[in-house]
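Chain by chain, the residues run as shown.
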Amino acid sequence: MRDAETRVLNAIDEAETVNLLAETVRVPSITGSDAESELQHHLARLLTEAGLEVDVWKLDLDDLRRREGFPGGEAPRTEGYGLVGVTGGEGVPALALQGHVDVVPTGDLAKWEGSDPFAARVCGDVLHGRGACDMKAGLAANLAVVRAIRRAGVKLARPLAVHCVVSEEDGGLGAFGTLARGHTAEAAVITEPTSGAVVTANAGALTFRLEIAGRAAHGGARLEGVNAVEVFWPVFEAIRRLEAERNRDVPAVFGDLSLPYPIEVGTVRAGDWASTVPDLLVAEGRLGVRLDEDPAEARAAFEEAVLSLAHPWLREHPPVVTWPGGQFASGRLPAGHPLLGEVRRAVADTGGAAPAEAAAPYGSDLRLYAAGGIPTLHYGPGDVRYAHAPREQVELREVREVTRALALLAVRRCGAY
């Protein structure tokens, strides 16, 4: 390695990085909450202390919602902040490291080990807590890279940018607003959890809402009514058939992933009285979008599947389908782009095995950056199977390894001296 590269790697403070991760996990930055804004301002101070030129701004929510390509949203929101830090250097940043500050709600607290999901509990070499994996470990790695560069006294010929965004979990408003403000880069790495792989493509996910009509009647005379729950069952079966059909032939980049384009019903609500036949069922869920598929085509396939059932009641009372909430298109790194090889070499040169290329079955900010002309991939600490779960955790070994690889990538791509 060149001298500048070695100096930066030696300047990484692993204990400081773990403390930073714990510090961010302890901020309960649930999507749309005040704590989400609190964490953005805290990170802005840290980026300023690391010597970056910092842009922190209040998102104009009304303006962004009117813009073409607005990615949707699900969480109630009255404010949001954008945050970008840029090192010195000439021209467009050669690399952006991006991470989202928001986390999903905790769910049933009784299912968490320990009393507080935001306690950042460390057991051995594992840190537990909501957001530890998705994706505050990635945020901590990004911050550790710019801290190490400053501590090493290394200068960059081309700028390095750090993007911290809100609202990724419910659509990508923060990334959308960051790009709309004019922040860009020649390439970007989103440090989402990738289990040691490099994710160069991901499927999309569209939030749908179904309204299934029934006919109310007294429970004691239920044959006079039509139970919306029973009517929903053939709709649910049609959704499962559509899922199987859409997952028959999948690109090789998904490897042995058995269900790259899942369709799931996440919430079901029906009825308002125990002794009344329910006359309305409302179901909400997510529809997986195939790689390179127009989201409009995915919506059309779903609507055809649930509206063309040979069911007497549903023919006369078809489901009402709407598309609220997050609308994630698919996205991918352009074939042959050098960023994939650069990340692999950085991992190998810091002592790791060259990571496999993979694709993810979920939506992310990758598709917004790709649509904005920024070649982007995922590489970050954590196993996505722990994301959104009451056992959420991240191995600190992965945080250390990813931080070193990202630091080497940054100094090589930006030209350290």
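Look up: the structure comes first, before these words.
Residues numbered from 1 in each chain as written. Predicted model: local features only at pLDDT ≥ 70, side-chain atom pairs only at ≥ 80, totals over all residues. Heavy atoms only, no water.

Draft legend 1. Broad picture of the overall build of the protein. The number of helices and strands found in the protein is twelve helices and 17 strands. Scaling as 2.2 N^0.38, a compact globule of 417 residues should have a C-alpha radius of gyration of about 22 Å, and the protein matches this with 23 Å. Based on the C-alpha atoms only, the size of the protein along its principal axes is roughly 80 × 45 × 40 Å. Here the protein holds 417 residues, and the buried ones make up 56% of them. A separation of at least 24 residues holds for 82% of the contacts in the protein among residues at least 6 apart in sequence. Mean positive and mean negative side-chain charge positions of the protein (42 and 58 charges, respectively) differ by 3 Å. (Helix = DSSP H or I, 4+ residues; strand = E, 2+ residues; numbered from the N terminus. Rg over C-alpha atoms; globule rule 2.2 N^0.38 Å. Buried < 20%, exposed > 50% of the residue type's maximum accessible area, 1.4 Å probe, protein only. Contact = heavy atoms within 4.5 Å. Lys, Arg positive; Asp, Glu negative; His and termini not counted. Charge placed at Lys NZ, Arg CZ, Asp CG, Glu CD.)

Draft legend 2. The packing of aromatic side chains, seen in detail. According to the stated counting rule, one finds seven aromatic pairs in the structure shown. Relative to Phe-302, the ring of Phe-208 lies with its centre 4.4 Å away and its plane at 35°, an arrangement referred to as tilted. Taken together, the residues span a long stretch of sequence, with Phe-208 in strand S9 (residues 204–213) and Phe-302 in helix H8 (residues 295–307) at a distance of 94 residues. The exposure classification of Phe-208 matches that of Phe-302, with both residues buried. Feature note: the residues Phe-208, Phe-302 and Trp-323 constitute an aromatic cluster, connected by ring pairs. (Phe/Tyr/Trp six-rings, centres within 6.5 Å; stacked < 30°, edge-to-face > 60°.)

Draft legend 3. Fine view of the packing of helix H10 (residues 338–349) against helix H12 (residues 396–414). Taken N-terminus to C-terminus, the directions of H10 and H12 make an angle of 125°; their axes are 8 Å apart at the nearest point. Relative to H12, the element H10 lies oblique. Regarding H10 and H12, the two cross each other, and that crossing is right-handed. For the pair formed by H10 and H12, the contact residues are Leu-339, Glu-342, Val-343, Arg-345, Ala-346, Val-347 and Asp-349 on the first element and Ala-405, Leu-408, Leu-409, Arg-412 and Arg-413 on the second. Split by residue class, the contact of H10 with H12 holds seven nonpolar, no polar and five charged. (Axes fitted to C-alpha atoms, helices over the stretch in contact; angles between N-to-C directions. Parallel < 35°, antiparallel > 145°, perpendicular 65-115°, else oblique. Left-handed = near helix turned anticlockwise from the far one by under 90°. Nonpolar A, V, L, I, M, F, W, Y, C, P; charged D, E, K, R; others polar.)

Draft legend 4. Spatial organisation of the sheet that holds strand S5 (residues 126–128). Taken in spatial order, the three strands line up as S4-S5-S17 in an open sheet, and their pairing is antiparallel. Two strands bound the open sheet, and with one partner strand each, they are strand S4 (121–123) and strand S17 (393–395). Sheet twist, expressed as the average angle between the axes of neighbouring strands with direction ignored, equals 20°. Sheet topology note: the S5/S17 ladder contains three bridges and is antiparallel. Its bridge partner being in S17, His-128 is matched across the sheet by Gln-393. Helix H5 (residues 132–152) rests against S5 and S17 of the sheet, and its axis sits at about 45° to S17. (Pairing = 2+ DSSP bridges.)

Draft legend 5. Summary view of helix H1 (residues 3–10). Residues Ala-4, Glu-5, Val-8 and Leu-9 constitute the buried set of H1. Axial view of H1: buried residues confined to an arc of 130°, hence all on one face. Projecting away from the buried face of H1 at angles above 90 degrees are the exposed residues Asp-3 and Asn-10. Residues of H1 that are buried sit in contact with H5 and H12. (Arc of directions from axis to C-beta.)

Draft legend 6. Geometry of unusual backbone geometry. Cis geometry marks the peptide bond from Asp-134 to Met-135; its omega dihedral reads -10°. Residue Ser-167 is not a glycine yet carries a positive backbone phi of 65°. Mapped onto the secondary structure, Ser-167 falls in the loop between strand S6 (160–165) and helix H6 (173–180). With phi around 65°, His-388 is a residue other than glycine that occupies positive phi space. Tracing the chain through its elements places His-388 in the loop between strand S16 (376–378) and S17.

Draft legend 7. Quick look at the pattern of salt bridges. Taken as a whole, this structure holds 27 salt bridges when the rule is applied. Arg-209 is the salt-bridge partner of Glu-284, the closest N and O atoms lying 3.4 Å from each other. Taken together, the positions of Glu-284 in strand S11 (residues 280–289) and Arg-209 in strand S9 put the pair 75 residues apart, joining distant regions of the chain. Counted as one network, the salt bridges with shared partners bring together Arg-2, Glu-5, Asp-349 and Arg-412. (Salt bridge = Lys/Arg side-chain N within 4 Å of Asp/Glu carboxyl O.)

Draft legend 8. Representation of the state of the cysteines in the model. Applying the stated rule across the entire model yields zero disulfides. The closest cysteine sulfur to the non-disulfide-bonded Cys-123 is located on Cys-133, 16 Å from its own sulfur. With no disulfide of its own, Cys-414 lies 16 Å from the sulfur of Cys-164, the closest cysteine sulfur. (Disulfide = S-S within 2.5 Å.)

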